[in-house]
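# Architecture and fold: a report
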Amino acid sequence: MCLKSCELVAKTIKGEKTKRTPIYGWVSGNLWHEITEAYGSVNAFEDHYEFDCAHIFGGPGCFDEVEIAKVRENGEELTPDILLDIPLRSPDNMEEYKGIIDALKYYKDDRGRFCYMQTPGFFENYNGVFGIENHLCYLILYKEEIKELYRRQSIWNAKFAENVLDLGVDMVHISDDWGSQRDLMFSPKLWWELIYPNMKYVVDKVHAKGGFASLHSDGCIMPIVDGLVDIGFDVIHPWQETAGMSYDVYLDKYQDKFAILGGLCVQSTIGFGDYERLESEIRRVFNLLKGKRWIFCTTHFVQKHCTIEELSFAYDLIYKLSHEM
């Protein structure tokens, strides 16, 4: 009997044997118009290729943008000590979850897909408030204040995660970019001190509710992968080869620890008009990871320079390979 997508993805994450590779892709961010012209809608594209996952966004924001705007209007630098005086918004206003409820009905109830919910991390989340350059400086200049900001954020994140899991979300997907192309953007010591305990708190809460937890972080995060294992992440996205993260290392050391969501690199593979190389790379990754704890996905949003013809070519092949025994 064929598994529903939701069951297929859950079994894949847990390392159980399945008859095919789940497929997904971050395709709509830059190509919404092109996909809509060619297929009628992004939803129609996803239906055409029988995507197994749905990536859901929405819900309440955590920052009080009105109060933050007042600080900026007064000409003050929004430093961590000032931000600590502005409480986070409540994650419990259920009226703000209506979009999530509607998405779950469409993707999970009607189509049987595995649904994962975008949620904020810590470093990435505060980059939007401080700016990344300032934030990197504040990790040193305001370490205690940053520690407290992250701590209270972890409480907010955990409650938000519990709320969406109660609504029926299958996995909480925490987005927290830490990597550059060659290394972390800050020291592993700072990661262990400032991020690890807060991330562990959130993931423990997710698991206590019976949900899966996944991490998105671009770039090279090899120096702290063992920490991600200790935190208990079930899925890592994207495991970026172009940032020095070899699939051989994953297969040798980590395939019994967590699953990978990824496989189609938007930085080096799709969107360059080289169909021969595109096919070769897709086949290479399938040969390496098929049958493992792997959900096929793009490493990030497919970029604007990718044509709809190339996107369709890629997913025709992906669909074929994912269903081959």
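Below is a short write-up of the structure. (Residues numbered from 1 in each chain as written. Predicted model: local features only at pLDDT ≥ 70, side-chain atom pairs only at ≥ 80, totals over all residues. Heavy atoms only, no water.)

### Comments concerning the side chain of N157
Looking at the secondary structure, you find N157 in helix α9 (residues 143-167). Side-chain polar atoms of N157 contact the backbone oxygen of P120, separated by 3.0 Å. What N157 contacts, discounting residues up to four positions off in sequence, is P120, G121, F122 and V202. (Helix = DSSP H or I, 4+ residues; strand = E, 2+ residues; numbered from the N terminus. Polar contact = N/O pair within 3.5 Å; in protein donor to acceptor, adjacent residues only side chain to side chain. Contact = heavy atoms within 4.5 Å.)

### As for the packing of helix α6 (residues 98-109) against α9
Running from amino to carboxyl end, α6 crosses α9 at an angle of 40°, the nearest separation of the two axes being 10 Å. As the angle between them shows, α6 and α9 are arranged oblique. When you trace α6 past α9, the crossing you get is right-handed. The residues of α9 that touch α6, namely those facing I100, I101 and L104, are F160, V164 and L167. (Axes fitted to C-alpha atoms, helices over the stretch in contact; angles between N-to-C directions. Parallel < 35°, antiparallel > 145°, perpendicular 65-115°, else oblique. Left-handed = near helix turned anticlockwise from the far one by under 90°.)

### Remarks on the nonpolar core
In terms of nonpolar packing, the biggest core is built from 107 residues, with W178, M199, L228, F233 and L311 touching the most fellow members. Residues in contact with F233, not counting those within four places in the same chain, are I174, M199, V203, A213, S214, L215, L228, K257 and F258. (Core = buried A, V, L, I, M, F, W, Y, C linked by side-chain atoms within 4.5 Å. Buried < 20%, exposed > 50% of the residue type's maximum accessible area, 1.4 Å probe, protein only.)

### A few points about the sheet that holds strand β1 (residues 53-56)
Reading across from one edge, β1-β2-β3-β4-β5-β6-β7 is the order of the 7 strands in this open sheet, with parallel pairing throughout. The open sheet terminates on both sides in strands that have one partner only, identified here as β1 and β7 (294-298). Pairwise comparison of adjacent strand axes, ignoring direction, gives a mean angle of 30° for this sheet. Across 4 bridges, the pairing between β1 and strand β2 (residues 114-120) is parallel. Along β2, the bridge assignment pairs H55 with Y116. Contacting β1, β2, β3 (171-175), β4 (212-216), β5 (235-237), β6 (259-264) and β7, helix α1 (residues 5-13) crosses the sheet at an angle of about 65° to β2. (Pairing = 2+ DSSP bridges.)

### Remarks on the packing of aromatic side chains
One pass over the structure, following the stated rule, counts 34 aromatic pairs. Aromatic ring contacts, followed pair by pair, group Y24, Y39, F45, Y49, F51, Y116 and Y315 into a single cluster. (Phe/Tyr/Trp six-rings, centres within 6.5 Å; stacked < 30°, edge-to-face > 60°.)

### Side note on helix α10 (residues 188-208)
Residue pairs spaced three or four apart in an α-helix point in one direction, given the helix's 3.6 residues per turn. If you look at α10, its biggest bend is around 45°, right at I195, and the proline P197 turns up within four residues after that. Regarding α10, the residues found buried are L190, W191, L194, I195, Y196, N198, M199, V202, V203 and V206. Residues of α10 that are buried sit in contact with α7 (123-130), α8 (132-141), α9, β3, β4 and α11 (225-231). Looking one or two residues beyond α10, the residue adopting positive phi is G210, at roughly 85°. (Bend = angle between axes of the 7 residues up to and from the residue.)

### Regarding the packing of α9 against α10
When two helices pack together, their arrangement is given by the angle between the helix axes and the distance between those axes. Following both chains from N to C, one finds α9 and α10 inclined at 20°, their axes separated by 8 Å at the closest point. By the angle between their directions, the pair α9 and α10 is classed as roughly parallel. Two packed elements cross with a definite hand, and for α9 against α10 that hand is right-handed. Counted together, K143, I146, K147, Y150, R151, S154, I155, N157, A158, A161, E162 and L165 of α9 and K189, L190, E193, L194, I195, N198, Y201, V202, K205 and V206 of α10 form the full contact between these two elements.

### Points about helix α4 (residues 65-73)
Near the N-terminus of α4, the side chain that reaches the backbone nitrogen of V66, with its oxygen 3.2 Å away, is that of D64. Once α4 ends, the next one or two residues include G75, with phi positive near 80°.

### Some details on unusual backbone geometry
Omega for the peptide link from H237 to P238 comes to 10°, which places this bond in the cis form. With phi around 50°, E50 is a residue other than glycine that occupies positive phi space. Along the chain, the position of E50 falls in the loop between α3 (42-48) and β1. Look at E50 and you get partly exposed, because its relative accessible area is 40%.

### Focus: the side chain of D177
In this fold, D177 is placed in the loop between β3 and α10. For the buried D177, no salt bridge exists, and the shortest N-O distance to an oppositely charged side chain is 18 Å, to R182. At a separation of 2.9 Å, a polar atom in the side chain of D177 contacts the main-chain amide nitrogen of D218. If we ignore the near neighbours within four places in the chain, the residues touching D177 are F123, E124, M185, H216, S217 and D218. (Lys, Arg positive; Asp, Glu negative; His and termini not counted. Salt bridge = Lys/Arg side-chain N within 4 Å of Asp/Glu carboxyl O.)

### Quick word on the pairing of β7
Note on strand geometry: in a regular strand, side chains alternate between the two faces of the sheet. Along β7, 5 of the 5 residues are buried, which leaves the element largely enclosed by surrounding structure. Side chains W294, F296 and T298 project from β7 onto one buried face, and the interleaved I295 and C297 project onto a second face that is buried too.

### Thoughts on the pattern of salt bridges
If you walk through the whole model with that rule in mind, you get 24 salt bridges. Between E193 and K147 there is a salt bridge, with the nearest N and O atoms lying 3.4 Å from each other. On the criterion of sequence distance, the pair formed by E193 in helix α10 and K147 in helix α9 is long-range, its members being 46 residues apart. Judged by its relative accessible area of 27%, E193 falls in the partly exposed class. The partly exposed category is assigned to K147, whose relative accessible area is 30%. The shortest N-O distance in the salt bridge between R284 and E241 comes to 2.7 Å. Taken together, the positions of R284 in helix α13 (residues 275-289) and E241 in the loop between β5 and α12 (247-254) put the pair 43 residues apart, joining distant regions of the chain.

These values are about where atoms sit, not about what they do.
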